[in-house]
Amino acid sequence: MPRTMEKTEIKSLNQADEVRKFEKGRLELVNIAGRTVGRAVLQPGWKWSSHVKPIAKTQSCEAPHFQYQISGRMQVVMDDGTEFVTKPGDVTNIPPGHDAWVLGDEPVIVVDFQGFVDYAKSKK
């Protein structure tokens, strides 16, 4: 029986299909294999509830994140009060319902394989 072959695709986040900019941050997106992968660069002082909440118009971040962190440290507080800090090398699965902010003076860079499809996109 012949094997079904998927199409080979190669894309670079350095040449993103879409870039979304917001105060103290930017999101670079590529669409590949029917999925959206994004890289977020979040500057010191960035906080979801201050810089993305006005765009998303939700009480907390409703994006589920499955991501790999390249640099920086980020504080995450879930709606249920659970708190944790993420750091370079961490792979995280963060469900909807959270706030987050950059800790310290180093930008946070994460590559997300799930939650950036509608992230920082205005809800009309």
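None of these values were measured; they are calculated from a predicted model.

Reading the values: rules and limits
Residues numbered from 1 in each chain as written. Predicted model: local features only at pLDDT ≥ 70, side-chain atom pairs only at ≥ 80, totals over all residues. Heavy atoms only, no water. Helix = DSSP H or I, 4+ residues; strand = E, 2+ residues; numbered from the N terminus. Rg over C-alpha atoms; globule rule 2.2 N^0.38 Å. Buried < 20%, exposed > 50% of the residue type's maximum accessible area, 1.4 Å probe, protein only. Contact = heavy atoms within 4.5 Å. Lys, Arg positive; Asp, Glu negative; His and termini not counted. Charge placed at Lys NZ, Arg CZ, Asp CG, Glu CD. Polar contact = N/O pair within 3.5 Å; in protein donor to acceptor, adjacent residues only side chain to side chain. Pairing = 2+ DSSP bridges. Axes fitted to C-alpha atoms, helices over the stretch in contact; angles between N-to-C directions. Patch = residues over 30% accessible without salt bridge, like charges linked within 9 Å, V, L, I, M, F, W, Y side chains within 5 Å. Areas by Shrake-Rupley, 256 points an atom, 1.4 Å probe, with all protein chains shown as cover. Salt bridge = Lys/Arg side-chain N within 4 Å of Asp/Glu carboxyl O. Phe/Tyr/Trp six-rings, centres within 6.5 Å; stacked < 30°, edge-to-face > 60°. Lys NZ or Arg CZ within 6 Å of the ring centre and 35° of its normal. Core = buried A, V, L, I, M, F, W, Y, C linked by side-chain atoms within 4.5 Å.

## Some points on the overall build of the protein chain
Item 1. Scanning the protein chain from N- to C-terminus turns up two helices and nine strands.
Item 2. Of the regular secondary structure in the protein chain, the N- to C-terminal order runs β-β-β-α-α-β-β-β-β-β-β.
Item 3. Its C-alpha atoms give the protein chain a radius of gyration of 15 Å, near enough to 14 Å, the size a compact globule of 124 residues would have.
Item 4. Each of the 124 residues in the protein chain was classed as buried or not, and the buried ones make up 41%.
Item 5. If you take every contact in the protein chain between residues at least 6 apart in sequence, the share linking residues at least 24 apart comes to 58%.
Item 6. Computed over 17 positive and 16 negative side-chain charges, the separation of the two mean positions in the protein chain equals 5 Å.

## Description of the side chain of T36
Item 1. Within the fold, T36 resides in strand β3 (residues 35–42).
Item 2. In terms of polar contacts, T36 uses its side chain to reach the side chain of N31, at 2.8 Å.
Item 3. Here T36 is in contact with L29, V30, N31, D112, F113 and V117, once residues within four sequence places are set aside.

## Some remarks on the sheet that holds strand β8 (residues 98–103)
Item 1. Ordered in space as β6-β5-β8, the three strands form an open sheet in which the pairing is antiparallel. The outermost strands of the open sheet, each flanked by one partner alone, are β6 (83–86) and β8. Strand-to-strand twist across the sheet, computed as the mean angle between neighbouring axes with direction ignored, equals 20°.

## A closer look at a nonpolar patch on the surface
Item 1. Side chains of F66, Y68, I70, V91 and F113 sit close together on the surface and give an oily, nonpolar patch of about 470 Å² of accessible area.
Item 2. By the secondary structure assignment, V91 is in strand β7 (residues 91–94).

## Quick look at the packing of aromatic side chains
Item 1. Summed over the entire model, instances satisfying the criterion amount to two aromatic pairs.
Item 2. Considering the side-chain rings of F22 and Y119, the 6.4 Å spacing of their centres and the 70° angle between planes classify their relative orientation as edge-to-face. Taken together, the positions of F22 in strand β1 (residues 18–22) and Y119 in the segment after β9 (108–112) put the pair 97 residues apart, joining distant regions of the chain.
Item 3. Each ring, one from F116 and one from Y119, has its centre 5.0 Å from the other, and the planes form 55°; the classification is tilted. Grouping residues by exposure puts F116 and Y119 together as buried.
Item 4. Among the aromatic residues, ring-to-ring pairing joins F22, F116 and Y119 into one connected group.
Item 5. In this structure, K47 is placed above the aromatic ring of W101, and the distance from its NZ or CZ to the ring centre is 4.6 Å.

## Observations regarding the nonpolar core
Item 1. Grouped together as the largest cluster of nonpolar side chains are 22 residues, with contacts concentrated most on F22, L42, W46 and Y119.
Item 2. Put simply, the parts of the chain that give this core at least two residues each are β2 (25–32), β3, β5 (73–78), β8 and β9.
Item 3. In this structure L42 touches F22, K24, G25, M74, V102, P107 and V108, once residues within four positions along its chain are discounted.
Item 4. Counting five residues, the second-largest nonpolar core is a separate cluster that includes L13, V30, I32 and V37.

These figures capture arrangement, not role.
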